[in-house]
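A structural walkthrough
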Amino acid sequence: MGTIGTMPAVRLAPSILTADFGRLADEVKAAEAGGADLLHLDVMDGRFVPVITFGRTLVETLRKVTTLPFDLHLMVVEPERHVEAFADIVDTINVHIEVSPHVNRTIDTIRKAGRRAGVCLNPGTPLSAIEETLPDVDQVMVMTINPGWGGQQMIREQLDKVRRVRASLDAIGSGADIMIDGGVKRENAAECAAAGASILVCGSSVFNDRSEPADNLAALRAALGGS
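Residues numbered from 1 in each chain as written. Predicted model: local features only at pLDDT ≥ 70, side-chain atom pairs only at ≥ 80, totals over all residues. Heavy atoms only, no water.

So, about the side chain of Ser100. Relative to the helices and strands, Ser100 is located in the loop between strand S4 (92-96) and helix H4 (103-112). On the basis of relative accessible area, Ser100 is assigned to the buried category, the value being 3%. At a separation of 2.6 Å, a polar atom in the side chain of Ser100 contacts the main-chain carbonyl oxygen of His96. Among all residues touching Ser100, those that are not within four sequence positions of it are Pro79 and Val95. (Helix = DSSP H or I, 4+ residues; strand = E, 2+ residues; numbered from the N terminus. Buried < 20%, exposed > 50% of the residue type's maximum accessible area, 1.4 Å probe, protein only. Polar contact = N/O pair within 3.5 Å; in protein donor to acceptor, adjacent residues only side chain to side chain. Contact = heavy atoms within 4.5 Å.)

Printed below as a string of structure tokens:
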């Protein structure tokens, strides 16, 4: 069963996908100093999604420069093959139902490794695909963009899916988190929270060349009413 935590109502998870990789350690430290709650790490394999990003080496390097919890998003085929590679340096491991035919076994593997387990839904994947899995997860990630690139506009219709996920979790008495990933900005952060999200992944709304991560995080907090 998903665990019920005592953390703030809505947590902010900056995604390094849009950070400046030339000074990534400084970007991460700035996000931590600015009040980020956790760090979102997108591992992509160029097969499940078109882009290739990074692997364990970079995550291990970042583990040395921040105390933030790490939320790992495995956008890869056969994610079960990569759980062991990351389990000792991250806090949550999220896998996609679209490439996880034995997802409950993978979730069990993650949890036996002492990590929180999350299941992800692409925009075109119905909630029914994970209904039998909901009692076993600590987190449900609803993709509000088609995964692969940062900086996309949110598919706002996916907020209805968030509401339905929240209702389904409440119906079984689960305290699992709902994470929204894709296009989160000041203009829609409050709407995301109202739909039932407890964690918001923030990419270009935190890491950009217009203002500093701390200022961007403060603006998101203000949009959420300080939560």
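Once that is clear, we can look at the packing of aromatic side chains. Scanning the model with the defined rule gives 1 aromatic pair in all. Plain terms: the ring middles of Phe21 and Phe54 are 6.4 Å apart, the flat faces sit at 40° to each other, and that makes the pair tilted. Residue Phe21 is located in the loop between strand S1 (11-14) and helix H1 (24-33), and its partner Phe54 is located in the loop between strand S2 (39-44) and helix H2 (56-63); the two are separated by 33 residues in the primary sequence. Residue Phe54 is classed as buried on the basis of its relative accessible area, which comes to 12%. The positively charged end of Arg63 is found above the aromatic ring belonging to Phe70, 3.8 Å away from the centroid. (Phe/Tyr/Trp six-rings, centres within 6.5 Å; stacked < 30°, edge-to-face > 60°. Lys NZ or Arg CZ within 6 Å of the ring centre and 35° of its normal.)

Locating Arg166 in the fold gives a position in helix H5 (residues 158-171). Judged by relative accessible area, which is 19%, Arg166 ranks as buried. Residue contacts for Arg166: discarding those within four places in its chain leaves Ser174, Ala176, Ile178, Ala195 and Gly196.

Right, let's talk about the confidence of the model for the chain for a bit. Of the residues in the chain, 95% reach a pLDDT of 70 or more, and the chain-wide mean stands at 94. Every residue in residues 1-8 is under pLDDT 50, and counting partners more than four places away or in other chains gives 18 contacts. (pLDDT = per-residue confidence, 0-100.)

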